[in-house]
Every structure is written in C-alpha cells, then in structure tokens.
Protein chains: 4
Amino acid sequence: MSQSQPGGTERGTERIEAFSDGVFAIAITLLILDIKLPHLKNSDLLSSLLQLWPAYFAYVLSFVMIGIYWANHHYIFKLFQKTNHALNLLNLLFLLFIAFLPLPTEVLGEYLLDKANQTTAATVYALGLLLPAASWLLMWLYASRGQRLIDRRLEAGYVRRLTLQYLGSVVLYSGAVIISLIDFRWGLGICVGLTLLYLLPPKSPVFSREER
Amino acid sequence: MSQSQPGGTERGTERIEAFSDGVFAIAITLLILDIKLPHLKNSDLLSSLLQLWPAYFAYVLSFVMIGIYWANHHYIFKLFQKTNHALNLLNLLFLLFIAFLPLPTEVLGEYLLDKANQTTAATVYALGLLLPAASWLLMWLYASRGQRLIDRRLEAGYVRRLTLQYLGSVVLYSGAVIISLIDFRWGLGICVGLTLLYLLPPKSPVFSREER
Amino acid sequence: MSQSQPGGTERGTERIEAFSDGVFAIAITLLILDIKLPHLKNSDLLSSLLQLWPAYFAYVLSFVMIGIYWANHHYIFKLFQKTNHALNLLNLLFLLFIAFLPLPTEVLGEYLLDKANQTTAATVYALGLLLPAASWLLMWLYASRGQRLIDRRLEAGYVRRLTLQYLGSVVLYSGAVIISLIDFRWGLGICVGLTLLYLLPPKSPVFSREER
Amino acid sequence: MSQSQPGGTERGTERIEAFSDGVFAIAITLLILDIKLPHLKNSDLLSSLLQLWPAYFAYVLSFVMIGIYWANHHYIFKLFQKTNHALNLLNLLFLLFIAFLPLPTEVLGEYLLDKANQTTAATVYALGLLLPAASWLLMWLYASRGQRLIDRRLEAGYVRRLTLQYLGSVVLYSGAVIISLIDFRWGLGICVGLTLLYLLPPKSPVFSREER
C-alpha cells in the first residue's frame, strides 16, 4: 500500500488483490454452511448423510471453481500494471457474483434429486457459474483493450489468446444454461467438464520485449 | 506494523486498515446468508426463486454499499498521517454499523413485498445506512478538525469539500428515513440514488504544497 | 514472515498476529448472526424488531469487547520479542474462547427478558467473558515471568502494573459470575462497567533503558 | 507477492500461504455455528446448555485440530522453496477437507449421545480427520519426492522422519475409522490421543549443509 501515490487516480493493485483474496477465502469457506444436516434424532444418521451426496457434489464443484478463480485472479492481476476506478467497480461486480455462489450451490445440492425441480436447479447452477465468468470477461476486456491497464510488454498474440479463452468460457457456460433446460445432466456435465479443464496448468505469459 | 513505535500513543494506520479490511470482506460475504432458500421439497423451485427478488435487490444494494465504504475507507485513511485511541474507537463504532448491515438487509429482503410491513422495512434499511454514514462523519470531523490527524499539506478547500460531502450524506440518509415513513418507495429511491452517486469516481486529493 | 529463521524454535510474532487478527475480524463480524429475525409474515415487524433489544445490547457489548481484545492483543504482542510453542498454544486457547463468544452473546440476547432463565443467561455471559480474560492472564504470566519472551528493556514496575491489571480483570469477571447468580442486573452491570473501563486509552510502555 | 516472477510457472509460496491462512482462520471461527442453541422459551436454559456438552467437546477438538494444521502448514511451507501448479491443487484439496470439518464436527456434537447413531457419528468424525491427514501426506510426498520443491539443504534423514510421521497419522486415523465401527469410544479416543500428541512441540528442521 505504501507505494500508491495519494495524488493519483490510478494505483497499484495490492489493495484490491488483498480485499479480493479475503472475499475468495470467506466465500469458499462459507460453502460448508450449504450442507444442512437433518436434525432428526433417532433417525438413521448414516442414510441421511449418504442422501446428502448432491450437497457434497455441489460443495466440491463450487469449492474448486472458487479456488480456480482465486488462482486466476492473481494470475491476471499480475498482468495488470495499475488499477483505476472502473476496474475497481468491475472487480466488485465480479466479487458480487463470487460471493453469490453459495446460493446456487445450495439450490443444486438440495434439489438435484427432486424430479420436479432438478432442471431448474441445474439451470440456476449453470447461471451461477455464467455470471462470474461474464463479469470476468468484462474486466479483462476493459483492462486489455488498447493496453489500457495491462503490462505493455505482453505479446499481442498472448493477450488475444486470453481474450478468446475467457470469451470461450462465457459461450460454454451460456450453452450449459440453455442445455440444462433441455437435459439437466448434459448441462451439469458441461459445468463439470469446464471445471476439470480449468484445473490444467495456465500458460506462462509471453512478453514481446525483455524485462530490463 | 514494524514502523509503529511502541513508545508512542499515536501510530501508523496499517494495523487498523488491515483489521477494517477483514471486517469489510467478511460482512460483504456474509450478506449471501440473508437470502434464505425456502426448504419445500416438491414445490415449484423456480417461482420460489423468482419471489426472492427483493432479497437479491437488497443483497446487491448492500454489497455495493459495503464495497464503496471499503474503497472510501482506504481513501480517507490515506489522508490520515497517524491514528490515536479516539480514532480507533470511532472506527470501531463505524465497523460495528458495517457489521450490522446484514440485519437491515435481511429485513428489507424479507418484508419489502409484505404490505403490512414494507414501510417499516424500508425505514429500517434507510436507518441501517444512516448509522455508518453518521459514524463516518464523526470519524472525519474528529480527524480533520484543526488538522488533528490528517496530512497537513492537504488544501483547506479540499478538506472542507469532503466535510460537506460527508455531512450531505448524513442529511440525505436522514431524509430517506423520514420520507420512508411517508412513502417507502421514495425513501428507498433516495438510498438507491445515493449508492449510484457514490459509484462516481472520487476526486483526487489536492495538496497545497508539493511533496518533498 | 521472511525474518523468521527456519532453524530456530522461537520466532517472530508476525504469523501468529496475522492469524489472530483473522479470528478477531471473523468472530466480531459473525456476532450479527446471533440476532435472529423472527420469520413471521404479516406480523408487526416493528414491534418484533423492538423486542429484539436485548440482542442488540448483547451485540454491541460483545462487539466492543472483541474490538478491545484485538487492540490489546496488538499492544502486548508488541511487547513480546519472540514467540515459542507454549505461547502459540496459550494464544490458541485464548482464540478458542474469543471464537466461542458468539454463543454466550446469543444466550444473553435471547434469554435476558425470559424471567425463568435470565439469571442463567447473565451468568453464562459473565462466564463467557471470564474465559478469555483468564487465558489472557495465563498468556501474559507465561511470557513475562522471568522476562521469558517480553522486551527485556521494559521497566519492571510497568510489567508488574500490567500483571496486576490483567489479574484484576479475572478477579472482577469471577465476581461478575458469582454476583450474577444472586442478582443478574448487578452481574451484567459489572460486565458493562469493565467494558467501559477498557475503553480508556492504554498507558504507553515504560522502558528502563533507551532504544539504541 | 512482489518477488514472484510473472514469467515463471514455479513461484514463491507467500500467496498460497496467505490464502490458506484465510481459510484456516475462517473455518476455525465458523465452528461455533455448529453449536445450536435450542430456541425454547420458558424451558430450563441451564440444563439445555449442559446437555450440549458433546457439542462443546467437538468444538474444542476441531478447533485444536485446525489450529495445529495451521501451525504445521506454516512449518512445512517454510521447508518448500517454491510452489507449482500441482502443489497448488493438492493444497486446494487439503483446504477443501479443512473447510469441510465443521460438518463432521456438527455430526459428532449432535449425535454422540444418540444411542442409535453414536457409532456412525464417531466414524464420520474420524473420517473427517482422516481426509485432511491423507491429502496432507499427498502434498508432502509430492513436494519432497526427489527434493522436487523442498529446500535441498534439508537432511535426508529429517525428510524421511517427516514422511514417516505423516504416514503414521494416516495409518492411525484409518485405524480410528475402523475401530469406531466396533467401539465408538475407542475410535474417538484415538482421535483425542493424536490431537494431544500433535500438541507436542515440532522438531526443528535439520540441514545437512550450512546456510550461507
């Protein structure tokens, strides 16, 4: 924080990264509150716990998603050389959707096996993943357009590749939302598949010029 | 933290900023717990989720408010050159009201559509926004009066402008509380309008003398 | 963290302070969850909210207590020159009681007006404040005895004064527990009085020798 | 964070440690939410609170376990010289199980005295402790195998001793799971015994070569 100049409107990204990290860490840890233990004494605890499997599935999926976003957030903020008011607001919008994830997670965990509502549940979950992906894309487009905020030494091809990748995510999650309406299994399958894909190691940034 | 001198009673602001950031990040992420999913199996999940729209509205409004306070907190603490016991207590009072926000948010989300209680709900929410605004003003007045704790190079006119701005917020939120009692729609409208206003970029501080 | 030597068993206090700060910030912000909004549609929201006043009272009292402990924790950890395994465990015990505070806070808020249980509620709350005070004293006695971990330049009289002050708190909270059993009003009064006392500014440390 | 090079895929461990610390601090503080106060006005509060003793027991046990993991996490990450994508994912898996602990803690606290379910409850709790221990072992084996990520100056015998210790934990927790199925008291006894064992101070790392 000491590096930022009080006289400027564009500043370093340390502050915003620390705040975002806090929100990531809290949102990821709050997910466990979505698994509601049934409070029925003298019932069969074991079968109750086993019947909660959709909630465990939703917990793991959302936990991994938030963990991946956390890692990627550091990754792209390292490519940003500064931040400004608009990027702060776009980041706040993104965090709003990250902090919102416990709700679709609860919906999926509770209604995945409920025949009357499983289509709604999967669609809502896919929508819950589309929202942070879309605000992420906005954040990236704003920062990278005309090298507004990113490291100017980054190779144009590398920047374009990231743009395509983030755009692709938005397209695929939009697809997952629509397909969920037809068959919730396929919609959820796309969500799981994308999560597994994101577990692959990220490519190193390519710089067109040497660091001095 | 290493810069603070154990022998003094006035210290740097790093500690208090880090603690405040923690409270901001947690309060903003806890807001999602205010959206209570109805636990009715075999009911229509979609219509239940759509009927929760006042809770989503309250979530977004409070999320943005806490996000704005977080940004402004960093902004004015950068103008403070040190902190003392009284400012620490005033900041604690402010955080008490920030951490309290999930309650009026829950009230608004749950009772906005309840004809018998919507006036109360909107008034309580406006009051929930007035309290942090009022303690913020107190904090600023204490720190800026006679340049007690602020950077002495700040231009007097700039300091006065901030005082007027913070005073104006308190007056407008007080108005929102009173108007809510007459028509809750207008009261809420003022709250939303003020939030949109705060999304505008802050003015850069004006220094009367150069930094050496 | 970079200063700590991997080869030693006694280390700097940065790590333990950062972790403790996290627990303080989370515990203080979780207190709001103890105020349970009654979920009765079409009831009188205003009178429901007003009847929650014991919960607001308990919220404010516990919030201020945790805030004071946070400030004092930084204060005494600045007097410690290093930490060791035993101090880490004593600090963990102290944090266990801080993180426990939401429970007695909920008890007080919910049962203060319940004639059959108000004595129990106040006694449990006083006990909830005694436990962190007692573990705090243990931590201080361990660290200060024979200047084990504290700054050796601290004046003996200053160290003795802190010991007496922390011992006094334990005695007074023990008194509050016992007196609550006889008259809960007096027991709570001691708890409130001690909190107000702790709001007074702390004395600056006195060093017997100059810092070089 | 400033030390990490944007051009590399292996980086320092500061980021991952800060995020993990956040999850530890939140998970440990959320444990209190597992103790559910019975909301029965005009009942006997004292006896209700006393009957919650299994919940207090589970709270203390899980609090101490997470506290120990926090300390050990810092301990082994100080032995790591860098991190890579695979270690980040293994650490995320470990955190997933740490953040999951509130659920088995709630199960143990609520069903320990329920004759029909106490065997299940203790087994689930032992399983809840086995999962982080197993992912911890995985993390260590990955990082230490062929000195992939650990400090190369660490003595081979010291590394082997840690491997055996972490393997031993996994074996003992597996034993606790199985024995719980036969007699839940013995299974829980192993869990408590291991926790007490972990409270012993860790051995200092042994370096085969001097630090320059």
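So, here's what we can say about the structure. (Residues numbered from 1 in each chain as written. Chains lettered and ligands numbered in written order. Predicted model: local features only at pLDDT ≥ 70, side-chain atom pairs only at ≥ 80, totals over all residues. Heavy atoms only, no water.)

Glancing now at the relation of the copies chain D and chain C. For the pair chain D and chain C, the superposition axis carries a translation of 0.0 Å, the fit reaches an RMSD of 0.0 Å, and the rotation angle comes to 90 degrees. These values place the two chain copies in the arrangement generated by a four-fold rotation axis. Little of the interface of chain D is mirrored in chain C, where only 7% of its interface residues again form contacts. (Least-squares fit on C-alpha atoms with pLDDT ≥ 70 in both. Contact = heavy atoms within 4.5 Å.)

Right, let's get into the interface of chain D and chain C. If you look at the interface, chain D gives 41 residues, while chain C gives 35 residues. Together chain D and chain C conceal approximately 3300 Å² of surface at their shared face, both sides included; 73% is due to carbon and sulfur atoms. The largest per-residue losses of area from chain D upon contact with chain C belong to Leu45(D), Trp70(D) and Lys78(D), which jointly make up 18% of the total buried on that side. If you look at where chain D meets chain C, you find zero salt bridges. Viewed at the interface, chain C and chain D are joined by five residue pairs in polar contact (both at pLDDT 80 or more). Broken down by secondary-structure element, the contributors of at least two residues to the side of chain D that touches chain C are helix H1 (14-30), helix H2 (45-51) and helix H3 (53-79) of chain D. The element contributing the most residues to the side of chain D that touches chain C is H3(D), with eleven residues. Per-class residue counts for the side of chain D that touches chain C are 28 nonpolar, seven polar and six charged. (Buried area = accessible area lost by both parts, 1.4 Å probe. Salt bridge = Lys/Arg side-chain N within 4 Å of Asp/Glu carboxyl O. Polar contact = N/O pair within 3.5 Å; in protein donor to acceptor, adjacent residues only side chain to side chain. Helix = DSSP H or I, 4+ residues; strand = E, 2+ residues; numbered from the N terminus. Nonpolar A, V, L, I, M, F, W, Y, C, P; charged D, E, K, R; others polar.)

At their nearest point, the C-alpha atoms of chain A and chain C are still 9 Å apart, with no contact between the two. With respect to C-alpha atoms, chain B approaches chain D no nearer than 9 Å, and the pair has no contact.

With that settled, the discussion passes to unusual backbone geometry. We note that Gln147(A) has phi near 50 degrees; this positive angle belongs to a residue other than glycine. Position of Gln147(A) among the secondary structure elements: in the loop between helix H6 (118-144) and helix H7 (156-182).

All names here are of chain C. Counted by the stated rule, this structure contains twelve salt bridges over all chains. Across the pair Arg185 and Asp183 runs a salt bridge whose closest N-O atoms are separated by 3.1 Å. Accessibility expressed as a relative area gives 23% for Asp183, which makes it partly exposed. (Buried < 20%, exposed > 50% of the residue type's maximum accessible area, 1.4 Å probe, protein only.)

Read these as layout, nothing more, since geometry by itself doesn't imply function.
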